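# Inside the fold
Chain by chain, the residues:
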Amino acid sequence: MDKIRERINDLILKINQASYEYYVNDNPTITDQEYDDYYNELLKLENKYPELKREDSPTLRVGGQVVDKFEKVTHESPMLSFDDIFNEDEIVLFDERIRKTCPNASYTLEPKMDGLSGSLVYEKGVLVRAATRGDGLIGENITHNVKTIKSVPLKLSKPIDIEVRGEIYMSKKSFEKCNIERKQNGENLFANPRNAAAGSVRQLDSSVAAKRGLDFMAYFLPNPDKYGIKTQSETIDFLKELGFATNHKLNGIAKNVNDIINYIDDLSQKRDNLPFEIDGVVLKVNSLDDEAKLGFTQRVPRWGIAYKFPALEVLTTLKEIKFTVGRTGKITPNAIFDPVHVAGSVVSKATLHNEDYCIDKDVRVGDVISIRKAGDVIPEVVEVKKERRKGDEVPFKMTENCPMCGSLLVKQDANYFCRNDSCPAREIEGLIHFASRDTMNIDGLGERIIEDFYNMEFIKDISDIYKLENHKEDLIELEGFGDKSVNNLLESIENSKTNSLEKVLFALGIRHVGKKTAKILARKYKTIDNLINASEEELTNVNDIGEIIAKSVKAYFSDIKNINLINELKDLGLNFKYISTSVNDKLEGQTFVLTGTLEKYKREELTKILEDNGAKVTSSVTKKTSGVIVGDKPGSKYDKALKLGITIYNEEDIANIIN
Ligand code: IVH
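Residues numbered from 1 in each chain as written. Predicted model: local features only at pLDDT ≥ 70, side-chain atom pairs only at ≥ 80, totals over all residues. Heavy atoms only, no water.

## Re the packing of helix α3 (residues 88-101) against helix α9 (residues 257-270)
Heads up, the condition is: With axes taken as lines fitted to C-alpha atoms, and helix axes fitted only over the stretch in contact, angles between N-to-C directions fall between 0 and 180 degrees. Runs of E in the DSSP output that reach at least two residues are strands. Runs of H or I that reach at least four are helices, and both are numbered from the N terminus. When an angle is under 35 degrees it counts as roughly parallel; over 145 it counts as roughly antiparallel; between 65 and 115 it counts as roughly perpendicular; any other value is oblique. Left-handed describes a crossing whose near helix is turned anticlockwise from the far helix through less than a right angle; right-handed describes the clockwise counterpart. Any two residues whose heavy atoms approach within 4.5 Å are treated as being in contact. When residues are grouped by polarity, Ala, Val, Leu, Ile, Met, Phe, Trp, Tyr, Cys and Pro land in nonpolar, Asp, Glu, Lys and Arg in charged, and all others, Gly among them, in polar.
Interhelical geometry of α3 versus α9 gives an angle of 140° and a closest axis separation of 10 Å. Regarding the angle of α3 to α9, the classification is oblique. Every pair of crossing elements has a handedness; the one defined by α3 and α9 is right-handed. Facing α3, whose interface residues are E88, I91, V92 and D95, α9 presents V257, I260, I261 and I264. Among the residues making up the contact of α3 with α9, the classes are represented as six nonpolar, no polar and two charged.

## Description of the environment of T351
Our working rule: N or O atoms within 3.5 Å of each other form a polar contact, as long as, within protein, one can give a hydrogen and the other can take it, and as long as residues adjacent in sequence are counted only when both atoms are side-chain atoms.
For T351, the position within the fold is in strand β14 (residues 345-351). Remark: the alpha-carbon pair of T351 and K226, spanning 125 residues in sequence, is separated by 55 Å. Setting aside anything within four residues of it in sequence, one finds T351 in contact with T332, P333, N334, I378, P379, E380 and V381. At a separation of 2.9 Å, a polar atom in the side chain of T351 contacts the main-chain amide nitrogen of H353.

## Here we look at the site of the ligand
Definition in use: Whether a residue is near a molecule or strand depends on its heavy atoms: it is near if one of them lies within 4 Å of it. A 1.4 Å probe and the Shrake-Rupley method give the accessible areas. Residues count as covered only by the protein chains that appear here.
Among the 13 residues in the neighbourhood of the ligand, the closest are listed as F82, E110, M113, E167 and K284. At 3.4 Å, a backbone N or O of P111 approaches a nitrogen atom of the ligand. Here a nitrogen atom of the ligand and a backbone polar atom of M113 are 3.0 Å apart. Notes on the ligand: free accessible area 510 Å², of which the protein chains cover 91%.

## A look at the state of the cysteines
What counts here: Whenever a pair of cysteine sulfur atoms sits within 2.5 Å, that pair is classed as a disulfide. Burial here depends on accessible area, computed with a 1.4 Å probe over protein chains only, as a share of the maximum for the residue type. Under 20% is buried, over 50% is exposed, and the range in between is partly exposed.
All chains considered together, the criterion is met by zero disulfides. C405 takes part in no disulfide bond, and the closest cysteine sulfur, belonging to C418, lies 3.7 Å away. Its relative accessible area of 28% is what places C405 among the partly exposed residues.

## Describing unusual backbone geometry
Keep in mind that most residues, glycine aside, have a negative phi and that most peptide bonds are trans. The phi dihedral of D362 is positive, around 55°, even though this residue is not glycine. At N441, a residue that is not glycine, the phi angle is positive and equals roughly 55°. The residue N441 is located in the loop between α12 (424-435) and α13 (447-455) in this model.

## Topic: the side chain of T143
Among the secondary structure elements, T143 is positioned in helix α4 (residues 143-146). The class of T143 is buried, set by a relative accessible area of 10%. The residues contacting T143, other than those within four sequence positions of it, are V128, R129 and A130.

## Examining the nonpolar core
Burial of nonpolar side chains together is a common tendency in soluble globular proteins. Put simply, the rule is: Residues enter a nonpolar core if they are buried and are Ala, Val, Leu, Ile, Met, Phe, Trp, Tyr or Cys, with the set joined through side-chain atoms within 4.5 Å.
Counting residues in each nonpolar core, the largest one holds 55 residues, and the members touching the most others are L505 and F557. By size, the runner-up hydrophobic cluster in this structure holds 36 residues, among which are I98, L109, L267 and L274.

## Considerations on the side chain of T399
Structurally, T399 can be placed in the loop between β18 (394-395) and β19 (410-412). A polar contact is formed between the side chain of T399 and the backbone oxygen of N401, at a distance of 3.1 Å. When neighbours within four sequence positions are excluded, T399 is seen to be in contact with F323, I331 and L409.

## Let's talk about the packing of α12 against α13
Relative orientation of the contacting elements α12 and α13 amounts to 135°, with a least axis distance of 10 Å. With respect to their mutual orientation, α12 and α13 come out oblique. Read as a crossing pair, α12 and α13 show a hand that is right-handed. Packed against α12, whose contacting residues are P424, E427, I428, L431, I432 and A435, the element α13 presents E447, I450, E451 and Y454 at the interface. Here the residues of the contact of α12 with α13 are counted per class, giving seven nonpolar, no polar and three charged.

## Some points on the sheet that holds strand β24 (residues 647-649)
The criterion, for reference: Being paired, for any two strands, means DSSP has found at least two bridges between them.
One open sheet accounts for four strands, arranged β22-β21-β23-β24; its pairing is parallel. At either margin of the open sheet sits one strand with a lone partner, and together these are β22 (616-618) and β24. Taken pair by pair, the neighbouring strands of this sheet meet at an average axis angle of 35°, ignoring direction. Where strand β21 (residues 591-595) lies against strand β23 (residues 627-630), four bridges are found, and the strand directions are parallel.

## Examining the pattern of salt bridges
Quick reminder of the rule: Any carboxyl oxygen of Asp or Glu that lies within 4 Å of a side-chain nitrogen of Lys or Arg is treated as forming a salt bridge with it.
Scanning all chains against the criterion turns up 33 salt bridges. For the salt bridge of R7 with D10, the shortest nitrogen-to-oxygen distance reads 2.9 Å. One end of the pair is R7 and the other is D10, both in helix α1 (residues 2-24) and three residues apart, which spans about a single turn. One salt-bridge network, held together by shared partners, links R7, D10, K14 and E41.

This is the structure in structure tokens:
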């Protein structure tokens, strides 16, 4: 009998060692055949001598154990989670808060695993209980399922009593495999690995979890001092020593905010290539003495925080569809919903573009919708989750009247317009456009203030902005204003008078004259008077100015109201001349194409430099292309340029021309 017990012990040792190397270290040490032989021998012995079967036997991992309900488990100490933060400013605030108590703190930085947290209790080194977080105080007993997780040691390298916390998760590979199988079986697919992991641990029959290939990453000890541990990094080392999978290779240390930001950038780059999903970075004060000093608030630890990567797409419920009027009178339906974090900022409104978009998507108030940042700023509604409808959602109906002035709307192509020139919404939007960053850049004259000033009749039209000085005393009295902010505002209004022609041209809101067109016109005509006097034909001959723009520019300057406005602005001291900022105008009117990997500049950077110097950057090579700028491993554009005999430049050449 002793011989058999010895053999069983020996087999378990071999199997555990092999599993550890395979599942934790990702470093197989024996062949599958050898593993199967050991395993089958162990199974045979356990069947023959059930009294010798050990409670930490790896044969327990196959699953098959069925519980009739999930027992409640009270956690020895509450299983808390951290507060979430979403941007650099919040990182700075966190660091400042920490440094008030611990001026010399350093942090450990860890990938924020996207699974569900679990607590594993070992007695004398043997796994005796595993539980979910539950409400933090009471969780559910999922020992039968956790025992099937290959990266969970059933027995530790030391015979100690310990509670270990970490993340139960599903790797990207297991997730894919799991969904392929579900598809074949006609079952609903899991939306993401986190849901799949959560669904798997909440199974009464452990053979389901066993099949799904879950994993466990250890990252936290509730009582580290019991083991003489002084820092969070030592905790990770200790967990590793005990036989757990840890993220020791990916974790980092930060001494300051800069280090934290670099780590986040770096991990974001690696994110797609990691074998598991992460949704952010967990920051923990490294020294456990510091941790104790910082302690907890009512809800969360003060010594750590979870930075969440910007979600690119999030779900929310559509509460209302609100129509807004743009400065051209265009009516846009907007989705209004509870504030959500998307791509680094909080949004509560997203565009639904126009009637067709709403009808195509069949959006209904009450629907669950997904929101995404389109381009880089304006959020839009991407998808309607029709499968989540309850039946009481209200279908979309396009409005017939301007939501601001009530005028009957006019339909043109896919859009509806308010044609009332003195519609307050249009006037306000026009003023907002005039003062905004890309146009006159008047600091302190944002949307809210323009709306207030409009309603209080301080600003009714553009010229009133430059007469605001006359209301200085009244403004100082307004709530939220004071001497200083009024002076700052008046100063930025004064500064805006010296803007170059293209700014004010764009700011005036001439139809079809955007930022780029304004620049082309300003460069070409140099003064507003030259532009006013240009004929439609002349305008059409300017590179990149088509008939539509030419007509619109001509129409704008043919309206006496507009000429009066320009004259009034001139009298108020506004500049209407082009001020060249180019280092030189050598590239004026030239068109470039970029290809290959650039070294010296980022693509956007070089594009901007070229544009600032008068050139245009396009994406395809034609006979009209003036030059192709070639980086490393250029694509087919390079071949085409050679074929067409177009001048080839490298980055150096361009730098030389510009400088
Ligand atoms: S430490 C007191 N470390 O993210 C909190 N948590 O709020 C102790 N998570 O619910 C947890 N990766 O489930 C910690 N490396 C990591 C983590 C991590 C993911 C989860 C955890 C918790 C939430 C943090």
